[in-house]
Amino acid sequence: MVFIVTAAGAFQGKWKIHDKDRSLPPVIKPGTGSGPALPPADAIVLFNGKNLSQWEDSKGKPARWKVKNDYMEVVKKTGSIRTIRKFGDCQLHIEWSTPLPALGKGQARGNSGVFLMDLYEVQVLDCYNNQTYADGMAGAIYGQHPPLVNACRPPGKWQSFDIIFHRPLFDNKGSLTQPALMSILHNGVLIQDNAELTGPTAWKKRPPYKFHPDKLPISLQDHGNPVRYRNIWIRKL
Ligand code: MG
């Protein structure tokens, strides 16, 4: 058993990072609904299937992912992309689909990710009959919180995340006063219930919070797999 104290001094549980002993959530079959086909009237549309005008690469150059039909697709080695606009507290709707046929296994199968504020990753992964560590599953807050259930659809099918995010708060000296909070519906099923983040997400470590601005871009990860995204919209809270 390992006890970890965050920068906020909060107790964060007994699990080691990517702990193989951490039990896997139950598999459930989601319903057929996957969120509204059309964004609500007050949403900012970040991707409507036509172009990447709202996105740039991590150096601020035009995003080079492929746009086809109504979706965008990760192009390996072009890097992660991020929104040109910046956001803090928000409700984010995003639909994604992992490659069919499914290739690779574990973390190498349909890996991508949705980063709130470019720092806090909600894992995108093909977790349909594909086992990996609990805190790295689809819908996990990577390295921190496994999803409550595994509500994945098969590869090639469209799936949705509806994410409610509250950014961390810092005092005027830059010290953390309130950790970030996230709730997530995956294919309409609650998989994160007001989860408290320990800091930015990372591989094999849980770095502490570091002061950052109130608003930062949403980013999508190039993990080398041709994951697709469509129908992305956001509402500021
Ligand atoms: Mg990822």
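Note that the structure is a prediction, hence the values are computed from the model and not measured. (Residues numbered from 1 in each chain as written. Predicted model: local features only at pLDDT ≥ 70, side-chain atom pairs only at ≥ 80, totals over all residues. Heavy atoms only, no water.)

*Asks:* Quick one: what's the story with the pattern of salt bridges, residue by residue and with numbers?
*Replies:* Counted according to the given criterion, the structure contains nine salt bridges. Among the salt bridges present, the one from Glu 56 reaches Arg 82, with a minimum N-O distance of 2.8 Å. With Glu 56 in strand 2 (residues 55–57) and Arg 82 in strand 5 (residues 81–83), this pair connects stretches of sequence that are 26 residues apart. The buried category is assigned to Glu 56, whose relative accessible area is 15%. Across the pair Arg 206 and Asp 135 runs a salt bridge whose closest N-O atoms are separated by 3.9 Å. You can see Arg 206 sitting in the loop between strand 13 (189–196) and strand 14 (219–220) and its partner Asp 135 sitting in the loop between strand 8 (120–124) and strand 9 (159–166), a full 71 residues away along the chain. Accessibility classification places Arg 206 together with Asp 135 in one group, the buried group. One network of salt bridges, in which partners are shared, links Lys 66, Glu 73 and Arg 228. (Salt bridge = Lys/Arg side-chain N within 4 Å of Asp/Glu carboxyl O. Helix = DSSP H or I, 4+ residues; strand = E, 2+ residues; numbered from the N terminus. Buried < 20%, exposed > 50% of the residue type's maximum accessible area, 1.4 Å probe, protein only.)

*Asks:* Explain the coordination of the magnesium ion to me, using residue names and the numbers behind them.
*Replies:* The protein atoms donating to the magnesium ion are Asn 111 (OD1), Ser 112 (O), Glu 121 (OE), Gln 123 (OE1) and Gln 221 (OE1), with metal-donor distances spanning 2.2 to 2.4 Å. Sequence spacing among the residues donating to the magnesium ion works out to N-S-x8-E-x1-Q-x97-Q. (Donors = N, O, S within 2.8 Å, 3.2 Å for Na, K, Ca; no water.)

*Asks:* Go over the nonpolar core, please, and point to the residues and values.
*Replies:* Ranked by size, the top nonpolar core spans 49 residues in total, and within it Val 114, Leu 116 and Tyr 229 carry the most contacts. Every element with two or more residues in this core is listed here: strand 1 (44–47), strand 6 (90–97), strand 7 (112–116), strand 8, strand 9, strand 12 (181–186), strand 13 and strand 15 (228–236). Looking at which element gives the most residues to this core, the answer is strand 6, with four residues. (Core = buried A, V, L, I, M, F, W, Y, C linked by side-chain atoms within 4.5 Å.)

*Asks:* Any details on the packing of aromatic side chains? Residues and values, ideally.
*Replies:* Counted under the stated rule, the structure contains seven aromatic pairs. Ring centres 5.3 Å apart and planes at 50° place the aromatic pair Trp 96 and Phe 161 in the tilted group. Note that Trp 96 is positioned in strand 6 and Phe 161 in strand 9, a separation of 65 residues in sequence. Both residues of the pair, Trp 96 and Phe 161, belong to the buried class. Between Tyr 120 and Phe 165 the ring centres are 5.9 Å apart and the planes differ by 35°, which places this aromatic pair in the tilted class. Taken together, the residues Tyr 120 in strand 8 and Phe 165 in strand 9 connect sequence positions 45 residues apart. Here Tyr 120 falls in the buried class, since its relative accessible area comes to 0%. Overall, the relative accessible area of 0% leaves Phe 165 in the buried class. Counting every residue linked through ring pairs, the aromatic cluster contains Tyr 120, Phe 165 and Tyr 209. (Phe/Tyr/Trp six-rings, centres within 6.5 Å; stacked < 30°, edge-to-face > 60°.)

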